[in-house]
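Observations on the model geometry
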Amino acid sequence: MKINWDFEEAVALVNTYINVTEKGFDEQAEIQALSEVLVKRADILGIEHDDIYRNPTGINMKLKNIEYLATDGQSGLSSYSLVDKKALELYNKLPETFELIIKEFKQKYK
């Protein structure tokens, strides 16, 4: 069951990437935490999903897409989506708005 990532999820993904690459947070702990929050979010929103929905392996791959965008293709995986690109652009161009979305995301789902 493939469910496309939406913008709110992509912003949370970019936030995780920033936490790991710029703030030095533990990558595996951040990936696990994001996985748990995204599953909880799906349950709250009534999104049908299976056991592999937003699992750590999938999140790790998505983080490699963000890495590809953030490094201008120097590393990571090139199979990023438009929503990945837009979320990273928001972080780079409107960091205050990005932070507001993250704050709201945490209030709603954590």
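This is a predicted model, so every value here is computed, not measured.

1. Remarks on helix 1 (residues 7–21)
With 15 residues, helix 1 extends 21 Å between its outermost C-alpha atoms, agreeing within 8% with the 21 Å of an ideal straight helix rising 1.5 Å per residue. Counting buried positions along helix 1 gives 13 out of 15 residues, so the element sits mostly inside the fold. The residue sitting at the N-terminus of helix 1 and contributing the capping side-chain oxygen is Asp6; that oxygen lies 3.2 Å from the backbone nitrogen of Glu8.

2. Observations concerning helix 2 (residues 27–45)
Because an α-helix packs 3.6 residues into every turn, residues spaced three or four apart end up facing the same way. Under the 1.5 Å per step criterion, the end-to-end length of helix 2 is 27 Å for 19 residues, consistent within 8% with the ideal 27 Å. Those residues of helix 2 not exposed but buried are Glu30, Ile31, Leu34, Ser35, Val37, Leu38, Arg41 and Ala42. Where helix 2 ends, the next residue or the one after it, Gly46, has phi of about 75 degrees, a positive value.

3. Overview of the nonpolar core
Formed by 25 residues in total, the largest nonpolar core has its most connected members in Leu13, Val14, Ile59 and Phe98. Among the secondary structure elements, those contributing two or more residues to this core are helix 1, helix 2, helix 3 (56–70), helix 4 (82–93) and helix 5 (95–109). Take this core: its biggest share by element is seven residues, from helix 1. Not counting the four nearest positions on each side in its chain, Ile59 is found in contact with Trp5, Leu13, Ile31, Leu34, Ser35, Leu38 and Arg54.

4. Some thoughts on unusual backbone geometry
Despite not being glycine, Arg54 has its phi angle at roughly 50 degrees, a positive value. Position of Arg54 among the secondary structure elements: in the loop between helix 2 and helix 3. Within the chain, Asp72 stands out as a residue other than glycine whose phi angle is a positive 50 degrees. Inspection of the secondary structure puts Asp72 in the loop between helix 3 and helix 4.

5. Describing the packing of helix 2 against helix 5
Two elements in contact, helix 2 and helix 5, have axes whose closest approach is 10 Å; the angle formed by their N-to-C orientations is 70 degrees. One way to sum up the angle between helix 2 and helix 5 is to call them roughly perpendicular. Judged by the twist between their axes, the crossing of helix 2 over helix 5 is left-handed. For the pair helix 2 and helix 5, the contacting residues are Val37, Leu38, Lys40, Arg41, Ile44 and Leu45 in the first and Phe105, Lys108 and Tyr109 in the second.

6. Focus: the side chain of Asn15
Tracing the backbone shows Asn15 in helix 1. Residue class for Asn15 comes out buried when judged on its relative accessible area of 9%. Excluding residues that lie within four positions of it along the chain, Asn15 makes contacts with Phe98, Ile102 and Lys106.

7. Some points on the packing of aromatic side chains
Throughout the structure, instances matching the rule amount to three aromatic pairs. Here the aromatic rings of Phe105 and Tyr109 are separated by 5.1 Å at their centres, their planes lie at 65 degrees, and the arrangement is edge-to-face. Taken together, the residues Phe105 and Tyr109, both in helix 5 and four residues apart, mark about one turn of the helix. In this structure Phe105 comes out as buried when scored by relative accessible area, which is 4%. The class of Tyr109 is buried, set by a relative accessible area of 4%.

The rules we used
- Residues numbered from 1 in each chain as written.
- Predicted model: local features only at pLDDT ≥ 70, side-chain atom pairs only at ≥ 80, totals over all residues.
- Heavy atoms only, no water.
- Helix = DSSP H or I, 4+ residues; strand = E, 2+ residues; numbered from the N terminus.
- Expected span 1.5 Å × (residues − 1).
- Buried < 20%, exposed > 50% of the residue type's maximum accessible area, 1.4 Å probe, protein only.
- Polar contact = N/O pair within 3.5 Å; in protein donor to acceptor, adjacent residues only side chain to side chain.
- Core = buried A, V, L, I, M, F, W, Y, C linked by side-chain atoms within 4.5 Å.
- Contact = heavy atoms within 4.5 Å.
- Axes fitted to C-alpha atoms, helices over the stretch in contact; angles between N-to-C directions.
- Parallel < 35°, antiparallel > 145°, perpendicular 65-115°, else oblique.
- Left-handed = near helix turned anticlockwise from the far one by under 90°.
- Phe/Tyr/Trp six-rings, centres within 6.5 Å; stacked < 30°, edge-to-face > 60°.

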